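Report on the structure
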Amino acid sequence: MTTRYAFMPIALPALPIAGSDVLFPVHRVYCVGRNYADHAREMGHDPDREPPFFFQKNPDNLRCDGQFPYPPLSNDVQFEIELAVCLAKGGEGIDAANALDTVFGYAVALDMTRRDLQAEAKRLGRPWDTAKAFEYSAPCSPVRPASEIGHPAAGAIWLEQNGVRRQSGDLAQMIWSVPEQIAHLSRLFVLRPGDVILAGTPAGVGRVTPGDKIHGHVEGVGDLLVAVA
Ligand code: MN
């Protein structure tokens, strides 16, 4: 018998796949905190002493329309350029040695952050959700399949704001590699096909202003152009 719902369910969030007319269906969005040493330091932490930690965004926070509407209730909204890892397989207790078998492909994403709300949450020992998991908070490029681009473990990752380079790093600087991220996450959660991992940001995060043009790039993956509205 066909499943019947009390009302029409919201459409499944999905990302375009570059060069294809099929979509990548999104299940969950996990984010890695402080995964580049220089960014951990700029946020006031010692990167050598911390195991990886994770937070989540909502699946429908991923947006591919190139628009970032400035959110309400914040005066300090900041960009974080990140590699997005898009899984085609799930599992529990995945070993790092096999972890890349779960990856469908990669995209370029922004982990937009209401930094003022995050600072308040940190001060008060509260969760980060309103700082991280708000509407439109994860602008994202189309997904590039690993079958075409491989699994980038090194290469430039940078962000320009109105033509000025603000963030610049290399994927090789990640404290926890993509396979290690998948291994850790799969011990905390049951990973599923459609999960997306935002792999952390290098130093240079900064605030956006309406009218800004943001250009993010990950070598071997592609570009993301976002207008702040
Ligand atoms: Mn981030």
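What you see is a predicted model, and the numbers here were worked out from it, not measured in a lab.

**Quick look at the pattern of salt bridges**
- For the coordinates displayed, the defined rule picks out 8 salt bridges.
- Between Asp76 and Arg207 there is a salt bridge whose closest N-O contact spans 3.2 Å. With a gap of 131 residues between them, Asp76 in the loop between β6 (67–68) and β7 (77–79) and Arg207 in strand β16 (residues 206–207) connect regions that are remote in the sequence.
- For Asp76, a relative accessible area of 12% gives the class buried.
- In this structure, Glu80 engages Lys132 in a salt bridge whose closest nitrogen and oxygen atoms are separated by 3.4 Å. One end of the pair, Glu80, is in the loop between β7 and β8 (81–87); the other, Lys132, is in helix α3 (residues 129–132), and 52 residues separate them in sequence. Neither Glu80 nor Lys132 differs from the other in exposure class; each is buried.
- If you follow the salt bridges from partner to partner, you end up with Lys57, Glu80, Asp111, Arg115 and Lys132 in one network.

**What to know about the pairing of strand β13 (residues 156–161)**
- Burial runs high along β13: 5 of the 6 residues are buried.
- The turn joining β13 and strand β14 (residues 164–170), which pair antiparallel and follow one another in sequence, is formed by 2 residues; a positive phi near 50 degrees is taken by Asn162.
- Note that β13 and strand β17 (residues 213–218) share 5 bridges and pair antiparallel. Residue pairing across strands places Gln161 opposite Ile214, the latter belonging to β17.

**Examining the nonpolar core**
- One finds Leu83 and Ile182 to be the most contacted residues of the largest nonpolar core, which totals 37 residues.
- Excluding its chain neighbours within four sequence positions, the residues that come into contact with Ile182 are Leu87, Ile94, Ala99, Thr102, Val103, Leu191 and Ile197.
- Counting residues in each nonpolar core, the second largest holds 19 residues, with Cys31, Phe55, Ala121 and Val143 among its members.

**Concerning the packing of aromatic side chains**
- Going through the model one piece at a time under the given rule, you end up with 5 aromatic pairs.
- Between Phe53 and Trp128 the ring centres are 5.8 Å apart and the planes differ by 85 degrees, which places this aromatic pair in the edge-to-face class. A residue pair is termed long-range when its members are at least 10 positions apart, and Phe53 in strand β4 (residues 53–57) and Trp128 in the loop between α2 (115–124) and α3 qualify at 75 residues.
- The interplanar angle of 65 degrees and the centroid separation of 6.3 Å between the aromatic rings of Phe68 and Phe134 together place this pair among those described as edge-to-face. Of this pair, Phe68 sits in strand β6 while Phe134 sits in the loop between α3 and β11 (138–139); the two residues are 66 residues apart in sequence, bridging distant segments of the chain. Summarising the burial analysis for this pair, Phe68 and Phe134 share the class buried.
- Grouped by ring-pair contacts, the aromatic residues Phe53, Phe55 and Trp128 constitute a single cluster.
- Sitting above the plane of the Phe134 ring, Arg114 keeps its charged end 4.7 Å from the centroid.
- Just above the ring of Trp158 sits the side chain of Arg165; from NZ or CZ to the centre is 4.0 Å.

**Description of empty space enclosed by the protein**
- The final tally for this structure, using the stated rule, is 2 cavities of 30 Å³ or more.
- For the largest cavity, the lining is made up of 18 residues, of which Gly33, Arg34, His39, Glu80 and Lys132 are closest to its centre.
- When residues of the lining of the largest cavity are traced back to their parent elements, those giving at least two are β3 (29–33), β4 and α2.
- With 3 residues, the single largest contributor to the lining of the largest cavity is α2.
- Residues belonging to the lining of the largest cavity are distributed by class as follows: 5 nonpolar, 6 polar and 7 charged.
- Each pocket or cavity is described by its volume, and for the second largest cavity that value is around 50 Å³.
- In terms of lining residues, the second largest cavity is bounded by Gly33, Arg34, Pro47, Glu50, Pro51, Pro52, Phe53, Ile175 and Trp176.
- Grouping the constituent residues of the lining of the second largest cavity by class yields 6 nonpolar, 1 polar and 2 charged.

Conventions used here
Residues numbered from 1 in each chain as written. Predicted model: local features only at pLDDT ≥ 70, side-chain atom pairs only at ≥ 80, totals over all residues. Heavy atoms only, no water. Salt bridge = Lys/Arg side-chain N within 4 Å of Asp/Glu carboxyl O. Helix = DSSP H or I, 4+ residues; strand = E, 2+ residues; numbered from the N terminus. Buried < 20%, exposed > 50% of the residue type's maximum accessible area, 1.4 Å probe, protein only. Pairing = 2+ DSSP bridges. Core = buried A, V, L, I, M, F, W, Y, C linked by side-chain atoms within 4.5 Å. Contact = heavy atoms within 4.5 Å. Phe/Tyr/Trp six-rings, centres within 6.5 Å; stacked < 30°, edge-to-face > 60°. Lys NZ or Arg CZ within 6 Å of the ring centre and 35° of its normal. 1 Å grid on protein atoms, 1.4 Å probe; cavity = no way out; pocket = protein on both sides within 12 Å on 5 of 7 lines; lining within 4 Å. Points joined across faces, edges and corners; volume = space filled by probe spheres on them. Nonpolar A, V, L, I, M, F, W, Y, C, P; charged D, E, K, R; others polar.

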